Amino acid sequence: MARLKILLLWVLLVCTGAFIVSLNGCGGGSGGGSSTNQPPTALITASPNPIQKGQSTKLSWQTTNATDISIVGIGTVPASGSQQETPTTSTSYQITATGPGGTQQTAALVTVAANKILHVIVIFQENRTPDNMFHGLKGADIATQGIDSTGQVITLTPTTLKTDYDLGHGHNSFVKMYDGGKMDGADQVSVTCNKGAVDCPPPHPWFQYVDPSGIAPYFELAEAYTFGDRMFQTNQGPSFPAHQYIISGTSAPSTGSNLFAAENPIGGADPFHNAGCIAPPAETVALIDPSGGESQKMYPCFEHATLTDELNTNGIGWQYYTPSAGVIWTAPNAIQHMCVPNAAPPNGIACTGADWTNNVVLQNTQVLTDIQNGKLATISWVMPSGQSSDHAGINDGTGPSWVASVVNAVGNSQYWADTAIFITWDDWGGWYDHVAPPINPKNAYEYGFRVPLIVVSPYAKAAYVSHVTHHFGSILKYIEENFGLHSLGYADVNADDFADCFDYNQTPLTFHTILAPMDANYFLQNKTPPTDPDDD
């Protein structure tokens, strides 16, 4: 009986083993293919990236189901591992993994920056001119008087950053103030007083400058680093198209179009807070042709290349910090492939795309904690809240402190050594400025009036005023050239690259904290909901 039990147990074990072998067999049977015939996988990364010339990066790779693994420029490598590399130029490290199941290839592109800058931050404030914002700045071309449409000479008078009125700054207002290049039409621009404002508007509201004592952080930055008095808004309209230009160099509705979004959107329940590809169906934006005519309109959702596409292609990280999703200051919401609305336009109500979910940060103060925590992306766009925007009629005077808090965060961090910060304003805001912009002979919508520019970096020229012509496309071109990216083919093509603003051979400037009434903690702890743009 005992022998019978042993025999039965032996048969059971053999059968069970055969069953297991059958399930995991070596191929050809009905039980399925072998794991060795599974297609290979391969992953390779590089960190840090980008790097400066002479700096090393660590390549790390991992493969499965491969018997032959190699990396271009290195040779045969084990299935997984890491190795330090010091490329002299931007290099693509392609890994090839080959096994019985086929071949898999992928690559890590290591960008070697052309200069010593590995991080770029674009701080985009609202609605000011050099004549209005930097009155008395030493060495800069700043007017103390202006001329109105009657030929009268008007002396500019001081005001505060916070006002109870706003000035028109749409394309029509540009045309009036420009007046064929005579720059004498500022008094023809509309004035809108806030509800409840007293004695509004003041005399000659267009011919005013902000009292420097109220914006001391701006003056400290402008006097310590590089100030540009020939920085022009690329377009001639308000915020919506201006923010398109700062990420792509155009406000064209599509690739190859000779039309441009010219104004802020209109129609629908709240067009300034629900813009772009998630706007309601009734919303439209006026289009302008190269001759300056606005005879067409369209739903405000566009499709063309942006700088972020080049960054994505080259594995360069970026973030767009903004306080709200649908506002006209949030440029990615109007690019369809960046937004990817949850329904086909014009029926979407939320952006769902990878660019949006991974790179658009709907809490602009997070830039402060990202810097503090060592998480700053290579390229960052930073938008203000309405309160800290400098926009006439809606700001509360905290703009200079907001900008100083971002600059101080960088200056007192590990990032100071390799960062360039471009501080500029999105349009002129209706304020008087005495310098006529150069007009693009091929596109009457370019260029707009002057806006202030401050370049902050350890390699920015100290206490320097740049008289070279710059515009929003110059920022794009600087990024393209520094990180070896392709041109977008828009306003970046004919732009300069701020070459006169930097000296990469100078002893790096030591950062000194910018004094401001409010510091980063004020903005991080302030729970007041951010206000958004007004109607222009």
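The preceding data block contains the structure.
Procedures and definitions
Starting from 1, residues in each chain are numbered consecutively following that chain's sequence as written. With pLDDT at 70 or above as the cut-off, local features in this predicted model cover only qualifying residues; side-chain atom pairs require 80 or more to be listed or tallied, and sums for whole chains, interfaces and linings still use all residues. Side-chain measures were taken over the full set of non-hydrogen atoms in the model, leaving aside hydrogen atoms and water. Secondary structure follows DSSP: runs of H or I at least 4 residues long count as helices, runs of E at least 2 residues long count as strands, and numbering of each begins at the N terminus. Axes here refer to lines fitted to C-alpha atoms; in helices the fit is confined to the stretch in contact. Angles between the N-to-C directions go from 0 to 180 degrees. Under this scheme an angle from 65 to 115 degrees is roughly perpendicular, one under 35 degrees roughly parallel, and one over 145 degrees roughly antiparallel; angles in between are oblique. By convention, the crossing between two helices is left-handed when the near helix turns anticlockwise from the far helix through less than a right angle, and right-handed when the turn is clockwise. Contacts: residue pairs with any heavy atoms within 4.5 Å of one another. Working definition of a nonpolar core: buried Ala, Val, Leu, Ile, Met, Phe, Trp, Tyr and Cys residues. They are joined through side-chain atoms within 4.5 Å. Exposure categories follow from relative accessible area, calculated using a 1.4 Å probe and restricted to protein chains: below 20% of the type maximum is buried, above 50% is exposed, and the middle band is partly exposed. Only Phe, Tyr and Trp rings take part, Trp by its six-membered ring, and two of them pair if their centres are within 6.5 Å. Stacked means planes under 30 degrees apart, edge-to-face means over 60, and tilted covers everything else. The rule is short: NZ of Lys or CZ of Arg within 6 Å of the ring centre and within 35 degrees of the ring normal puts a charge over the ring. In this description, a disulfide is simply a cysteine sulfur pair whose atoms lie within 2.5 Å.

Trainee: Go over unusual backbone geometry with me, naming the residues and quoting the values.
Mentor: Geometrically, the link from N49 to P50 is a cis peptide bond, its omega value of 5 degrees lying close to zero. Inspection of the secondary structure assignment puts P50 in the loop between β1 (41–47) and β2 (57–64). Residue P346 is reached from P345 by a cis peptide bond, and omega for that bond is 10 degrees. Mapped onto the elements of the fold, P346 is located in the loop between α7 (336–339) and α8 (354–359). With a phi close to 55 degrees, N65 is a non-glycine residue in the positive phi region. Within the secondary structure, N65 sits in the loop between β2 and β3 (68–71).

Trainee: Tell me about the packing of helix α5 (residues 239–248) against helix α11 (residues 472–483), and please be specific about residues and values.
Mentor: Relative orientation of the contacting elements α5 and α11 amounts to 20 degrees, with a least axis distance of 7 Å. For the element pair α5 / α11, the angle class is roughly parallel. Crossing hand, α5 versus α11: right-handed. Residues A242, Y245, I246, I247 and S248 of α5 pack against F472, I475 and L476 of α11.

Trainee: So what's going on with the nonpolar core? Which residues, and what values?
Mentor: One recurring pattern in soluble globular proteins is that nonpolar side chains are buried together. In terms of nonpolar packing, the biggest core is built from 108 residues, with F134, W381, F422, I423 and F502 touching the most fellow members. For this core, the leading source of residues is helix α10 (residues 399–411), giving seven residues. Ignoring any residue separated from it by four or fewer positions in sequence, one finds F422 in contact with V120, I121, V122, I123, L453, I454, V455, I475, Y478, F498 and F502. In this structure, I154, M177, W206 and W428 belong to the second largest nonpolar core, which totals 18 residues.

Trainee: So what's going on with the packing of aromatic side chains? Which residues, and what values?
Mentor: Ring pairs (aromatic) are described by centroid distance and by the angle formed between their planes. The final tally for this structure, using the stated rule, is 26 aromatic pairs. Arranged with centres 4.4 Å apart and planes meeting at 35 degrees, the rings of F174 and F449 form a pair that is tilted. Within this pair, whereas F174 is found in helix α3 (residues 171–178), its partner F449 is found in the loop between β23 (419–425) and β24 (453–456), the two being separated by 275 residues in sequence. Geometrically, the ring pair formed by F502 and Y504 is stacked, given 5.5 Å between the ring centres and 5 degrees between the ring planes. For F502, a relative accessible area of 6% translates into the label buried. By way of ring pairs, the aromatic residues F422, Y459, Y478, F498, F502 and Y504 are connected into one cluster. It is K461 that lies over the ring of Y464; its NZ or CZ is 4.9 Å from the centre.

Trainee: Now, about the state of the cysteines: what can you tell me, with residues and values included?
Mentor: All told, the structure shown has three disulfides when counted by the stated rule. One disulfide in the model links C193 with C200; its S-S distance is 2.1 Å. With the S-S bond torsion at -95 degrees, the cross-link from C193 to C200 turns out left-handed. Taking the relative accessible area as the measure of exposure, C200 reaches 22% and is therefore partly exposed. Note on cysteine connectivity: C277 is disulfide-linked to C301, with sulfurs 2.0 Å apart. On the sign convention where negative means left-handed, the S-S torsion of about 85 degrees between C277 and C301 marks this disulfide as right-handed. One end of the pair, C277, is in the loop between β17 (260–261) and β18 (285–288); the other, C301, is in the loop between β19 (296–298) and α6 (307–313), with 24 residues separating them in the sequence.

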